[in-house]
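# Summary of structural features
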Amino acid sequence: MSTPDGPPSSPVPPPAPAPPPVPSHWVAPSGPAPTGAPTTPPQGGFPSAPPEGLSSAPRRKRLHPGVIAAIAGGGLFLAAGIAGIVVVANSVAQGIASQGFPFTDDDVPYEEPEGDHTPLVDGEPGSPLAVTPTRCDAACFDTTVIRDIIPDDSLFDHLALDQHIPWYPNDTTTAADEFDINVGSWKSSELGPDECFITWPYSPIIDPIGSVGVADDPIDFIGSHSDLDYYNEIDLASRLFADDEAASAYMVALDAALGECPRYIDSIGSATDFVTRSAAIDVPDSVAAVGWIQKTQYDERYYVIDVQRGNLVVRTTGYSTGGYSELEFRDLVEQEAALLAELEVVG
């Protein structure tokens with residue numbers, strides 16, 4: 001294209017396409033991403049085009065022969081170093097392939113973090129079975145009792161968790177659906193051993209990995225309570241099993257998995273999260289409880305306790321960066337267990 005009085009003009013490039021809009025249904029997660037989960041890289045980061053009239057390639061300069069020799073020597077040294085790294089990486093990969101999960105303490109030099117949290121409560125873990133379990137010919141409880149086991153918001157306000165998301169009965173999901181979703185997330189995270197899957201805080205009261213024919217038991221998320229910045233949070237979920245025997249079997253499987261999950265290991269053999277059985281909490285004789293503490297490499301803690309009576313299991317998951325202690329969390333769950341023990345059997 002040209003003008004009557006001047007040289008040919010450069011073609012005008014088309015405008016850059018606008019970035020795609022953020023879907024209206026996207027909601028930021030209310031807590032930290034799972035350990036080992038991929039994160040989204042920041043947008044941009046590409047160099048801008050050079051000013052008009054300048055070449056994008058820098059001008060080359062001649063180098064003194066001595067400088068060239070030094071660079072060549074450095075290049076050989078760098079190449080040798082890279083080769084050494086490749087050998088070590090291959091050795092690690094072969095070790096992982098031959099050993100698999102779990103790794104021994106010698107394979108995991110990472111030390112368990114302590115941070116600013118209070119020391120863990122000392123004591124023996126409790127039994128996964130109630131002293132005097134509630135037995136029913138059919139299901140002891142149904143969804144009509146869920147509202148009666150939800151603690152009052154004031155108990156969370158006491159822990160400075162004053163941002164409350166209530167239970168929405170229409171948001172019920174199933175154990176089978178949650179199992180499929182979380183197995184995919186677990187595999188994507190490349191964490192292990194698989195025994196730890198049932199203890200993953202993002203898997204709400206679901207079966208061990210490898211389970212076949214997971215039931216369509218209803219799972220409800222019955223409340224979430226956090227501080228304003230989500231640095232500390234407590235979430236509750238419930239699952240109604242088909243009967244009390246299925247619920248008891250789940251508690252036994254969970255207790256067994258804890259014995260096989262001392263720590264999470266990532267794909268290169270590094271320890272990420274440390275799992276410790278929690279000491280027994282004080283519960284009524286009709287209620288069973290299994291709990292654990294998960295410490296991350298970022299000085300975070302997850303406190304998790306499942307309480308069970310009849311065919312109903314309630315999980316309380318606490319995420320803390322130091323905003324509340326294990327003792328405060330245990331006290332909250334003990335009050336939940338008392339509510340569970342007071343339920344009238346409906347089946």
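Nothing here was measured: the structure is a model prediction, and the numbers come from that model.

Before going further, it helps to examine the state of the cysteines. Across all of its chains, the model carries two disulfides by this definition. Covalently, C136 is tied to C140 through a disulfide, its sulfur atoms 1.9 Å apart. An S-S torsion of about 115° defines the bridge between C136 and C140 as right-handed. In this structure, C136 and C140 share a single accessibility class: buried. Bridging C196 to C261, the disulfide has an S-S length of 1.9 Å. Every disulfide takes its handedness from the sign of the S-S torsion; for C196 and C261 that torsion is 110°, giving right-handed. Of the two residues, C196 is situated in the loop between helix 3 (175–189) and strand 3 (218–226) and C261 in the loop between helix 4 (244–259) and strand 5 (263–265); the sequence distance between them amounts to 65 residues. In this structure, C196 and C261 share a single accessibility class: buried.

Before going further, it helps to examine the pattern of salt bridges. Following the criterion strictly, the structure yields five salt bridges and no others. For R239, the salt bridge identified is with D217, shortest N-O distance 2.8 Å. Here R239 is found in strand 4 (residues 233–240), whereas its partner D217 is found in the loop between helix 3 and strand 3, with 22 residues between them in sequence. D217 shares its class with R239; the two are buried.

The pLDDT averaged across the chain works out to 77; a share of 67% of its residues lies at or above 70. Low pLDDT, under 50, characterises residues 19–72; the stretch is placed with 22 contacts to residues that sit more than four places away or in other chains. Of the regions scoring below 50 in pLDDT, residues 91–113 engages in 34 contacts with residues more than four places distant in sequence or in other chains.

By secondary structure assignment, the location of P169 is in the loop between strand 1 (163–165) and strand 2 (173–174). In this structure, P169 is in contact with R147 and D220, ignoring residues within four places of it in sequence.

To continue, consider the side chain of R301. When you line up the elements, R301 lands in strand 8 (residues 301–309). In terms of polar contacts, R301 uses its side chain to reach the backbone carbonyl oxygen of T118, at 2.9 Å.

This paragraph deals with unusual backbone geometry. Each neighbour pair has its own omega, and for G192 with P193 the value is -5°, a cis peptide bond. Unlike most non-glycine residues, Y230 shows phi in positive territory, near 60°. Position of Y230 among the secondary structure elements: in the loop between strand 3 and strand 4. Even without being glycine, D299 reaches a positive phi, approximately 65°. For D299, the location among the structural elements is in the loop between strand 7 (288–295) and strand 8. The partly exposed category is assigned to D299, whose relative accessible area is 26%.

Our focus in this paragraph is helix 5 (residues 326–341). The terminal C-alpha atoms of helix 5, which comprises 16 residues, lie 22 Å apart, in line with the 22 Å expected from a rise of 1.5 Å per residue. On its buried side, helix 5 packs onto helix 2 (153–157), strand 4, strand 7, strand 8 and strand 9 (312–320).

Attention now moves to the environment of T276. Within the secondary structure layout, T276 lies in strand 6 (residues 271–277). A relative accessible area of 28% places T276 in the partly exposed class. Each C-alpha atom of the pair T276 and K295 lies 8.3 Å from the other, and the pair is 19 residues apart in sequence.

What follows deals with helix 4. The end-to-end C-alpha distance of helix 4 is 23 Å, a good match for the 22 Å that 16 residues give at a rise of 1.5 Å each. Within helix 4 the residues assigned to the buried category are D244, A247, S248, Y250, M251, L254, D255, A257 and L258. Packed against the buried residues of helix 4 are strand 6, strand 7, strand 8 and strand 9. Structurally, the start of helix 4 carries an N-cap: the backbone nitrogen of E245 is 3.2 Å from a side-chain oxygen of D243.

This part takes up the pairing of strand 3. Burial of strand 3 is extensive: seven of the nine residues sit out of reach of the surface. Of the pairings in the sheet, the one linking strand 2 to strand 3 comprises two bridges and is antiparallel in character. Counterpart to T173 in the pairing with strand 3 is I219. Taken together, the seven bridges between strand 3 and strand 4 define a ladder with antiparallel strand orientation. Within the sheet, the bridge partner assigned to G223 lies in strand 4 and is L236. Taking the residues that link successive antiparallel strands as the turn, the strand 3-strand 4 hairpin has six residues, and the phi of Y230 there is positive, at about 60°.

Cut-offs and rules
- Residues numbered from 1 in each chain as written.
- Predicted model: local features only at pLDDT ≥ 70, side-chain atom pairs only at ≥ 80, totals over all residues.
- Heavy atoms only, no water.
- Disulfide = S-S within 2.5 Å.
- Buried < 20%, exposed > 50% of the residue type's maximum accessible area, 1.4 Å probe, protein only.
- Helix = DSSP H or I, 4+ residues; strand = E, 2+ residues; numbered from the N terminus.
- Salt bridge = Lys/Arg side-chain N within 4 Å of Asp/Glu carboxyl O.
- pLDDT = per-residue confidence, 0-100.
- Contact = heavy atoms within 4.5 Å.
- Polar contact = N/O pair within 3.5 Å; in protein donor to acceptor, adjacent residues only side chain to side chain.
- Expected span 1.5 Å × (residues − 1).
- Pairing = 2+ DSSP bridges.

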